[in-house]
Amino acid sequence: MNPVRVGYFREFTDAFAGGIAGKRVLDIGSGGGLLSESLARLGAVVVGADAAEENTKMATAHAERDPVLRNKLHGSLQYRNVTAESLRDAGEEFDAVCALEIIEHVDHPEQFLQACIDMVPSSSGLVFISTMNRTALAKFLTVTLAEDVLGLVSRGTHDANKYITPKELRGMAYRCGAQVLDIDALWLNPLTKTWSRGMSGVSEDHLVNYIACLRKK
Amino acid sequence: MLPTLAATVRGLAARPWTAAAAASATRAVVTCSHRPFSTDYADVAILGSGVAGAALACALAQAPELAAHKLALIDSADLTRRYAPATDDHWSNRVVSLTPRSVHFLQELGVWDAIPSARRHPYEHMKVWDACSNGRADFSAETVSSPAIAYMVEVPYLQSALLEVLHAQHADRITVHSNATVATPLARDDSGDTDAYPLLDLGSEKIAARVLVGSDGAQSRVRSDLVRTSFFGRDYGRVGLVATVAIDPTQGNATAWQRFLPTGPLAMLPLSETHSSLVWTLPPAMAAKAAALPEDQFVALVNAAFFYPPAELAVFLGNELELDIAEEVEWRDEVYEHGVDLDRVVLPPYVEAVQDGSRAAFPLRLRHAMEYTAHRAVLVGDAAHLIHPLAGQGLNLGLGDVECLSRTFRAAASTGQDLGHAHVLEAYSRERYPVNAAMLTACDALHHLFGTDAAPVAWIRSFGLNRFNQLDLVKRTVMRATMGEVSML
């Protein structure tokens, strides 16, 4: 999924924020650092934040084994064991925030979204969200199939009750002072195990995985 | 963490790997946990500078997405040498029939125009016929709205053009290690410093590669040592006898000719108005005999081989009788002249002479690597597949591999991916493996279909070939497939 997400990020930062090079980007929920590494390679100044310390340690160790990324560590690529709210409370500022595959895991999604939006500048700051839609189909594919039947994802990773519908995301964005520039579908081809994006005539309400670009008003 | 300026300077002043790394030299922030990298480093290292490796080097060096990536090309040969033939009329016996798709790719690399126009020869027609029956098929480029079916180019010229473009336009973008012998067996870095990067030991220096491309040919070390996959297939029990011949210039030379003999096909491919290249698939003993014949005998033999019944050719090439082939042919020609309907006979231009020293033979084999990729290693060209020359596809498949790998790397770089990541390499393999497999299988099948003189088979294939010749739509589709425009799947 990473190439598609990064491609989406690139497209919208090129169009609305003057490109990616030199931009300060927060990757919230950075996990193993997959997204952070990609953004750093493209020239962003990246802070990867994760609430779990073993994740930031793992991400740092992974970057240290890359001859190019190791030179960026602690400079244009840093991992910090913090939450979005604490970063916002500490007055951290970023040109863009990526909260990809994370909002469905937090307990208070709207507060989380507000924290993300607070950290970007008005009228140019972008917040990227990707998550799953709360539909029966999404639950079937991402929990029943992916976790229980095929074992592609470890059990308990996702709680389908915490999935967020595009409509809800739009409502939250409005209340948090941001406009939704775009919502796009993410599709997995089960045969090639590659991801692609594009609405393909499907309505927003019927999406499974989706990604969105928000801009602070 | 205290800033350690010395470590920064030492690590970065040696080689600014990326623009960003150079930029961060202005920041005095680095930690003591960095161990200095003990070897030189490349994002993409290309081992083998044949046509495939050099073309990949050009493609990557000119890609804007890869501007910050470190590229290296390594070969044991002297890559500064350029090909210069003995005279304007001298033609290398290593030639290739480049499909329009291959030519288009070479144009994109700026390499096509670096080949002298006199050394690029298009042919618009192709005639294929069966010696054991009256089966034949004629192909014409205009039926697929193309200016040519293919273009004949001598491989040394193509090679030189690629190296020239690399040198003239991309010297700042790629490090070329010429006359470099790599210690074998190849291995990966096991120090823990990297994610097991392939390590090339050039003696004076070592290069760790984010991804190592094996363009090192049929005896590929990248395949045997790193990808470690079986290179399965068969030996055809045949050799390809090549020769450069001077032909009768009065008939024009824009047609490729191929006659299927039971021992293997005989092809004449036009190089210029006056010269052509021969590729004759023969059992090794017959090829050895033909290659050793005095010039006048060889010339007579070739002319006969495009016309005579296979049984007579077997006599010429066999060992039972010592014949003066030139005399035999002269006698037979007089006889045939009376009984032959010239309208129904397919004949290429008469061969008048064979270029000195141009006769050579190489064994023909079918091979396909079971896997194209392994951890941070990927195969292209002959390292991945070997094919029967009867459809002129080998080098074209290699260029197809290179075009795909280049496109795959560029797409991956544009989304900040690690180029050596399995997903990136698998995307290349997923696209090329079926295409190559289909072409290898098709050529193998044709070899077997035409490799017998058994009457029933000859009748069926003759019927099939003639019907095929009449089915314009099918013929056009097959033409497009061999020209690289559609997949054979």
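Parameters and conventions
Residues numbered from 1 in each chain as written. Chains lettered and ligands numbered in written order. Predicted model: local features only at pLDDT ≥ 70, side-chain atom pairs only at ≥ 80, totals over all residues. Heavy atoms only, no water. UniProt positions renumbered as here; feature names shortened; annotations may be inferred. Helix = DSSP H or I, 4+ residues; strand = E, 2+ residues; numbered from the N terminus. Areas by Shrake-Rupley, 256 points an atom, 1.4 Å probe, with all protein chains shown as cover. Lys, Arg positive; Asp, Glu negative; His and termini not counted. Charge placed at Lys NZ, Arg CZ, Asp CG, Glu CD. Contact = heavy atoms within 4.5 Å. Pairing = 2+ DSSP bridges. Axes fitted to C-alpha atoms, helices over the stretch in contact; angles between N-to-C directions. Salt bridge = Lys/Arg side-chain N within 4 Å of Asp/Glu carboxyl O. Buried < 20%, exposed > 50% of the residue type's maximum accessible area, 1.4 Å probe, protein only. Parallel < 35°, antiparallel > 145°, perpendicular 65-115°, else oblique. Left-handed = near helix turned anticlockwise from the far one by under 90°. Domains from an automatic or database assignment. Buried area = accessible area lost by both parts, 1.4 Å probe. Polar contact = N/O pair within 3.5 Å; in protein donor to acceptor, adjacent residues only side chain to side chain. Nonpolar A, V, L, I, M, F, W, Y, C, P; charged D, E, K, R; others polar. pLDDT = per-residue confidence, 0-100. Arc of directions from axis to C-beta. Core = buried A, V, L, I, M, F, W, Y, C linked by side-chain atoms within 4.5 Å. Patch = residues over 30% accessible without salt bridge, like charges linked within 9 Å, V, L, I, M, F, W, Y side chains within 5 Å.

The name given to chain B in an unreviewed UniProt entry is Ubiquinone biosynthesis monooxygenase COQ6, mitochondrial, with Allomyces macrogynus as the source organism. The UniProt entry for chain B carries this comment under Sequence similarities (unreviewed entry): "Belongs to the UbiH/COQ6 family." One UniProt comment on chain B, placed under Cofactor (unreviewed entry), says "FAD".

Under the annotation held in an unreviewed UniProt entry, chain A carries the name 3-demethylubiquinone-9 3-O-methyltransferase and is attributed to Allomyces macrogynus.

> How should the overall build of chain A be read in this particular structure?
Looking only at helices and strands, chain A features seven helices and eight strands. Here chain A displays about 9300 Å² of accessible surface, and carbon together with sulfur accounts for 53% of that area. Of the charged side chains in chain A, 23 are positive and 27 negative; the average position of the first set lies 3 Å away from that of the second.

> Got a minute to help me understand the overall build of chain B in this structure?
Along its length, chain B carries 14 helices and 20 strands. Looking at chain B alone, contacts between residues at least 24 apart form 78% of all its contacts between residues at least 6 apart. Here chain B displays about 21000 Å² of accessible surface, and carbon together with sulfur accounts for 56% of that area.

> Hey, could you run me through the sheet that holds strand β1 (residues 24-28) of chain A in this one?
Residues and elements named next belong to chain A. If you trace the eight strands from one edge of the open sheet to the other, you get β3-β2-β1-β4-β5-β8-β6-β7, paired in mixed fashion. Every other strand in the sheet has two partners, leaving β3 (77-80) and β7 (194-197) as the edge strands with one partner each. Sheet twist, expressed as the mean angle between neighbouring strand axes with direction ignored, is 20°.

> How do you make sense of the pattern of salt bridges when you look at a structure like this?
As a working rule, side chains carrying opposite charge can pair if their charged atoms are close by. All names here are of chain B. For the coordinates displayed, the defined rule picks out 33 salt bridges over all chains. A salt bridge links Arg376 to Asp195; its shortest N-O distance comes to 3.0 Å. Taken as a pair, Arg376 in the loop between β18 (373-374) and β19 (377-379) and Asp195 in the loop between β9 (187-188) and β10 (198-201) lie far apart in primary sequence, 181 residues in all. Using a relative accessible area of 5% as the deciding quantity, one classes Arg376 as buried. For Asp195, a relative accessible area of 27% gives the class partly exposed. In this structure, the salt-bridge partner of Glu312 is Arg332, at a minimum N-O distance of 2.2 Å.

> Please clarify how the packing of helix α11 (residues 394-414) of chain B against helix α12 (residues 422-450) of chain B should be interpreted in this entry.
Each packed pair of helices is defined by two parameters, the angle between the axes and the distance between the axes. All names here are of chain B. Between α11 and α12, whose axes approach to 9 Å, the crossing angle comes to 160°. Here α12 runs roughly antiparallel to α11, going by the angle between their axes. Remark: the crossing between α11 and α12 carries right-handed chirality. For the pair α11 and α12, contact is made by Leu397, Gly400, Asp401, Cys404, Leu405, Arg407, Thr408, Phe409 and Ala412 and by Val424, Leu425, Ala427, Tyr428, Glu431, Arg432, Asn436 and Met439, respectively.

> What is the right way to look at the UniProt feature "domain: FAD-binding" (unreviewed entry) in chain B in this model?
UniProt records the feature "domain: FAD-binding" (unreviewed entry) at residues 42-285 and 359-441 of chain B, using the numbering of this structure. Taken end to end, residues 359-441 of chain B is 49% helix and 20% strand, and its first and last C-alpha atoms sit 29 Å apart.

> Got a minute to help me understand the domain arrangement of chain B in this structure?
How big an interface is tends to be expressed through the accessible area that disappears when the partners come together. Residues and elements named next belong to chain B. Structurally, chain B comprises domain 1 (4-83 + 159-233 + 364-445) and domain 2 (95-157 + 236-362 + 453-482). Once you take the C-alpha centre of each, domain 1 and domain 2 turn out to be 37 Å apart. Contact with domain 1, which involves 25 residues of that partner, is made by 30 residues of domain 2. A buried area of about 2300 Å², summed over both sides, lies between domain 1 and domain 2, and 65% of it is on carbon and sulfur atoms. When the buried surface of domain 1 facing domain 2 is broken down by residue, Tyr83, Leu364 and Asn396 rank first, second and third, together holding 28% of it. On inspection of domain 1 and its partner domain 2, the count reaches 14 residue pairs in polar contact (both at pLDDT 80 or more). If you list the elements that add at least two residues to the side of domain 1 that touches domain 2, you get α3 (51-61), α5 (155-170), β17 (360-369), α11 and α12. A breakdown of the residues in the side of domain 1 that touches domain 2 according to their chemical character gives 15 nonpolar, seven polar and three charged.

> Please clarify how the confidence of the model for chain B should be interpreted in this entry.
Should pLDDT be low for a region, the predicted coordinates there are not to be read in detail. Residues and elements named next belong to chain B. Chain-level pLDDT for chain B is 87 on average; 90% of the residues reach the 70-or-more range. In the model, residues 1-36 has pLDDT below 50 throughout and makes 46 contacts with residues more than four positions away in sequence or in other chains. Interface confidence for the predicted complex, expressed as ipTM, amounts to 0.94; the pTM equals 0.90.

> Sorry if this is basic, but what is going on with helix α7 (residues 166-175) of chain A here?
Each α-helix turn comprises 3.6 residues. Residues three or four places apart therefore point the same way. Residues and elements named next belong to chain A. Listed in full, the buried residues belonging to α7 are Pro166, Leu169, Met172 and Ala173. Mapping the buried residues of α7 onto a view down its axis gives an arc of 120°, with all of them on the same face. The outward face of α7, more than 90 degrees from its buried face, is lined by the exposed residues Lys167, Tyr174 and Arg175. Looking at the packing, one finds that the buried side of α7 touches α5 (109-118), β5 (126-132), β6 (178-189) and β8 (209-216). Positive phi appears at Gly177, one or two residues downstream of α7, with a value of about 85°.

> Which parts of the structure should I look at to understand the nonpolar core?
Generally speaking, nonpolar side chains in soluble globular proteins are found buried as a group. All names here are of chain B. If you look at the biggest cluster of nonpolar residues, it comprises 77 residues, and the most contacted ones within it are Ile74, Leu158, Leu162 and Phe409. The element contributing the most residues to this core is α3, with 10 residues. Residues from two domains meet in this core; each of domain 1 (4-83 + 159-233 + 364-445) and domain 2 (95-157 + 236-362 + 453-482) gives at least three. In contact with Leu162, other than residues within four places in its own chain, are Val51, Ala54, Ala55, Cys58, Leu106, Leu109 and Val111. Formed by 35 residues, the second largest nonpolar core is a distinct cluster that contains Leu282, Leu313, Leu317 and Val346.

> Help me understand a negative patch on the surface in this model?
All names here are of chain B. Together, Glu295, Asp296, Asp324, Glu327, Glu330, Glu334, Glu337 and Asp356 give the surface a local cluster of negative charge. The set of elements that each furnish at least two residues to the negative patch consists of α8 (295-305) and α10 (325-339). The greatest single-element share of the negative patch, amounting to four residues, is contributed by α10. Relative to the helices and strands, Asp356 resides in the loop between β16 (351-354) and β17. The exposure class of Asp356 is exposed, given its relative accessible area of 72%.

> Would you explain the packing of α3(B) against α11(B) in this entry?
All names here are of chain B. It is at 9 Å that the axes of α3 and α11 come closest, and there the two elements cross at 30°. In terms of axis orientation, α3 runs roughly parallel to α11. Remark: the crossing between α3 and α11 carries right-handed chirality. Facing α3, whose interface residues are Val51, Ala52, Ala55, Leu56, Ala59 and Leu60, α11 presents Leu395, Leu399, Val402, Leu405, Ser406 and Phe409. Classifying every residue of the contact of α3 with α11 gives 11 nonpolar, one polar and no charged.

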